[in-house]
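Single-letter residue listing:
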Amino acid sequence: MANDSKTWRCGKYELSFDRPRIMGVLNVTPDSFSDGGEHFDPDAAIEYGLAMLDAGADIIDVGGESTRPGFTPVNPDEEARRVLPVVRALAKEGAIVSIDTRHVAVAKAAVRCGASIVNDVTGFTDPKMVEFVKTSTCGVIVMHAGEVAAPARTHATVQLDTSAAAFVAEKAREAAAEAAREAEKPARRRRGKLLGEPKPEAKLPGGVVQPSLPFGEPEPATEPANEQETPAAEQAAAAETVAPAPEATEAASEPNDRLAAMMRRSARREEAYVPTSQLRRFTLPDSAPIMRRVMGFLSDQARALIHAGVSRDRICIDPGPGFGKTANEDIVIQRETAKMASLGYPLMCAVSRKRFVGAVSGVTEAAERDAATFGVCLGAIQAGANIVRVHDAAGFAQFLNGYWAVAKPQPRRAFVAVGSNLGHRCDNIRAARDMIAEIPLTCVSNSSKIYESEPAYETRQDAFANAVIEIKTELAPLVLLDELMKIEAELGRDRSKKAKANGPRTIDLDLLWMDGETHGGKKLRLPHPLIGERDFVLVPLEDLMHDPARFFRYNGVEVKGPEDRVGHIVGELGRM
């Protein structure tokens, strides 16, 4: 179950898993399998990403290359042009942004633009990607992409003949077949080796062996691949305009792209499947060989990253549903979620709208598979998955909040700042406190004294009465915020466009901090980004905790000295 002690360190953020985390899918592509083209325009993509945050997503996964079956590989420069403006804008709003890419140049540029996570569908099998992430502090997602079952063997009927003549004839046929195979061996060489020779395993710093890609043998290429590399995307991050850089780039669209070849084979396996005359005894294939391949790869890659210098608490694993796997194999893997969770890394469930979800639900259209996706995700959460990657973040947030409220009693500590400078200020604050205590699944556990402070930001107005209320709640942060806004409205707070943003108000309620929660977006930022400069918040907090400045600095908030703050406290108005 997701309520465990794992944490995931992603740059300046640290995600805890006292409840499952939602990763919203944002495809900035024209050809994604379920929402291709809807968010291809950068402005539309940014708006949709912010909407997912405001609806309950914890992470936004931005991708500029579709990796659906039969996809067309994208050049890293084009991928960077698609994703970097979106990554930059979302990170600016405090979002935890994941960059979904297999190209190291794009990953570098995105991290410089503010991305906190690198989600590599090739599982960090590229030593250059490993070299990059070991020098950064970003979180990493190791995904398994590849076939998990050995090729089926065909069996021919054998007629035994023990005569000497048959023995001699058989030997002659074997010799002729061997000679034919020798004659057909290609003489062409590629990168100094015969085609078909196994690719040598790469060496990482410290002598660690980096496994080759788990995609099986690529489809044959008609000509040698272009191996020039251009980190154009790296320079794109440094400038506001995303333009190609002067250095050279690896051509992702080369004919023998290994991931594309594997996904084409995967699609053909699904399309070409027909029942055989040999009936199976069981509804699903044996899980042991499948899980040996998946868990073996994820464990090996995680250890290789650790040996290369990536700390363990930065690593998340993903079994890669749909990548080279049949529907039966995907179901087997999902049923073994508990085993994968036992590896000790945060575990991703990325099944949203996948083919196997359609197979088990009978839903043909990918965009209509959200309800079935939620069911598969719930099963994964119950078995130990920590993060769910979904297209419908708003719908899943509602689904999860409803399930979690009933299934997982989980009171968490939070602080709410209360202010008023219209009417009977102290009475307004006390009324707000009493109404907060009536919010479902919420109680007031402590309150500071009421202080008088100078007005902040908009100085030509009356002095404020301020306090901070400590609560315990089982509500999700955005749900709690909605309840606080209802209290403001009931007590007469004017939030219309005609009202000044920091002007006079009967009541003002700000959710400052919540245990285990980091959030970004237009609607809510946690921790509150202005805590560190508000004297009228930090001084009342001293009644509720020891050294609030140190507490919030530890939580990544910049706290200013008393003389540099706004809204200075000028006196006490009594107890709550």
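Residues numbered from 1 in each chain as written. Predicted model: local features only at pLDDT ≥ 70, side-chain atom pairs only at ≥ 80, totals over all residues. Heavy atoms only, no water.

Glancing now at the pairing of strand S19 (residues 508–514). Successive side chains on a regular strand alternate, one facing one side of the sheet and the next facing the other. Counting buried residues in S19 gives seven out of seven residues, a clear majority hidden from the surface. In the sheet, strand S15 (residues 412–420) pairs with S19 via six bridges, with the strands oriented antiparallel. Looking at the pairing, Ala414 lines up with Met514 of S19. (Buried < 20%, exposed > 50% of the residue type's maximum accessible area, 1.4 Å probe, protein only. Helix = DSSP H or I, 4+ residues; strand = E, 2+ residues; numbered from the N terminus. Pairing = 2+ DSSP bridges.)

Attention shifts here to the packing of helix H2 (residues 76–92) against helix H3 (residues 104–113). For the pair H2 and H3, interaxial distance at closest approach is 9 Å and the crossing angle is 20 degrees. As judged from the angle between their axes, H2 and H3 are roughly parallel. Between H2 and H3 the crossing geometry is right-handed. On H3, the residues touching Pro76, Glu79, Ala80, Val83, Leu84, Val87, Arg88 and Ala91 of H2 are Val106, Ala109, Ala110 and Cys113. Broken down by class, the residue content of the contact of H2 with H3 amounts to ten nonpolar, no polar and two charged. (Axes fitted to C-alpha atoms, helices over the stretch in contact; angles between N-to-C directions. Parallel < 35°, antiparallel > 145°, perpendicular 65-115°, else oblique. Left-handed = near helix turned anticlockwise from the far one by under 90°. Contact = heavy atoms within 4.5 Å. Nonpolar A, V, L, I, M, F, W, Y, C, P; charged D, E, K, R; others polar.)

This paragraph deals with the pattern of salt bridges. Side chains that differ in sign of charge can pair as their charged atoms come close. With the rule as written, the count across this model stands at 32 salt bridges. For the salt bridge of Asp18 with Arg21, the shortest nitrogen-to-oxygen distance reads 3.1 Å. In this structure Asp18 comes out as buried when scored by relative accessible area, which is 15%. As a salt-bridge pair, Glu488 and Arg493 come within 3.4 Å of each other at their nearest N and O atoms. Residue classification places Glu488 among the buried positions, given a relative accessible area of 1%. Judged by its relative accessible area of 13%, Arg493 falls in the buried class. One salt-bridge network, held together by shared partners, links Asp18, Arg21, Asp58, Arg412 and Glu517. (Salt bridge = Lys/Arg side-chain N within 4 Å of Asp/Glu carboxyl O.)

Attention now moves to the packing of aromatic side chains. By convention here, two paired aromatic rings are described through the distance between centres and the angle between planes. Scanning all chains against the criterion turns up seven aromatic pairs. Consider the rings of Phe374 and Phe396, whose centres lie 5.3 Å apart with planes at 65 degrees: the pair is edge-to-face. Highlighted residues: Phe374 in helix H12 (residues 370–383) and Phe396 in helix H13 (residues 393–407), separated in sequence by 22 residues. For the pair Phe374 and Phe396, a shared accessibility class is recorded, and that class is buried. Ring centres of Phe415 and Trp513 lie 5.8 Å apart, and the angle between their planes is 35 degrees; on these two criteria the pair is classed as tilted. With Phe415 in strand S15 and Trp513 in strand S19, this pair connects stretches of sequence that are 98 residues apart. Exposure class is identical for Phe415 and Trp513. Each is buried. Site record: aromatic cluster; members linked through ring pairs are Phe415, Trp513, Phe551 and Phe552. (Phe/Tyr/Trp six-rings, centres within 6.5 Å; stacked < 30°, edge-to-face > 60°.)

Strand-to-strand pairing in sheets goes through backbone hydrogen bonds, with the strands running parallel or antiparallel. Strand order in the open sheet formed by eight strands is S12-S7-S6-S5-S4-S3-S14-S13, with parallel pairing between adjacent strands. The two strands at the open ends of the sheet, each matched to only one other strand, are strand S12 (315–318) and strand S13 (348–349). Note: strand S5 (residues 96–100) against strand S6 (residues 117–120), three bridges, orientation parallel. Across the sheet, residue Ser98 finds its bridge partner in S6, namely Ile117.

Taking 1.5 Å of rise per residue, the 15 residues of H13 would be expected to cover 21 Å, and the 20 Å separating its terminal C-alpha atoms lies within 8% of that figure. For H13, the elements touching its buried residues are strand S3 (21–27), helix H1 (42–55), H12 and strand S14 (387–390). (Expected span 1.5 Å × (residues − 1).)

A word on the environment of Leu544. Relative to the helices and strands, Leu544 resides in the loop between helix H16 (535–541) and helix H17 (548–554). Judged by its relative accessible area of 11%, Leu544 falls in the buried class. For the pair Leu544 and Ser448, spaced 96 residues apart in sequence, the C-alpha separation works out to 6.4 Å.

Taken across its five residues, strand S4 (residues 59–63) has five buried, putting it largely inside the fold. Along S4, one buried face is formed by Ile59, Asp61 and Gly63 and the opposite face, lined by Ile60 and Val62, is buried too. Sheet topology note: the S3/S4 ladder contains five bridges and is parallel. Opposite Leu26, over in S4, you have Val62 as the bridge partner. Relative to S5, S4 is paired through five bridges, and the arrangement is parallel. Counterpart to Val62 in the pairing with S5 is Ile99.

Here we come to the layout of surface pockets. Approximately 830 Å³ is the volume found for the second largest pocket. Lining the second largest pocket are 31 residues, and of these Lys12, Thr518, Pro527, Asn555 and Gly556 sit closest to its centre. Those elements that place two or more of their residues in the lining of the second largest pocket are strand S1 (7–10), strand S2 (13–16) and S19. Per element, the largest residue contribution to the lining of the second largest pocket is four residues, and it comes from S2. For the lining of the second largest pocket, the per-class residue count stands at eleven nonpolar, eleven polar and nine charged. (1 Å grid on protein atoms, 1.4 Å probe; cavity = no way out; pocket = protein on both sides within 12 Å on 5 of 7 lines; lining within 4 Å. Points joined across faces, edges and corners; volume = space filled by probe spheres on them.)

For the protein, mean pLDDT is 85; residues scoring 70 or higher make up 78% of the total. A low-confidence stretch, residues 187–198 (pLDDT under 50), is modelled with 17 contacts involving residues beyond four sequence positions or located in other chains. Scored below 50 in pLDDT, residues 220–230 makes 28 contacts in the model with residues more than four places away or belonging to other chains. (pLDDT = per-residue confidence, 0-100.)

This brings us to unusual backbone geometry. Cis geometry is adopted by the peptide bond preceding Pro527, which originates at Leu526 and carries an omega value of -10 degrees. Among the structural elements, Pro527 can be located in the loop between S19 and H16. Although it is not a glycine, Phe124 sits at a positive phi angle of roughly 60 degrees. By relative accessible area, Phe124 is classed as buried at 0%. Non-glycine residue Leu441 carries a positive phi angle of around 60 degrees. In this structure, Leu441 sits in the loop between helix H14 (425–436) and strand S16 (442–447).

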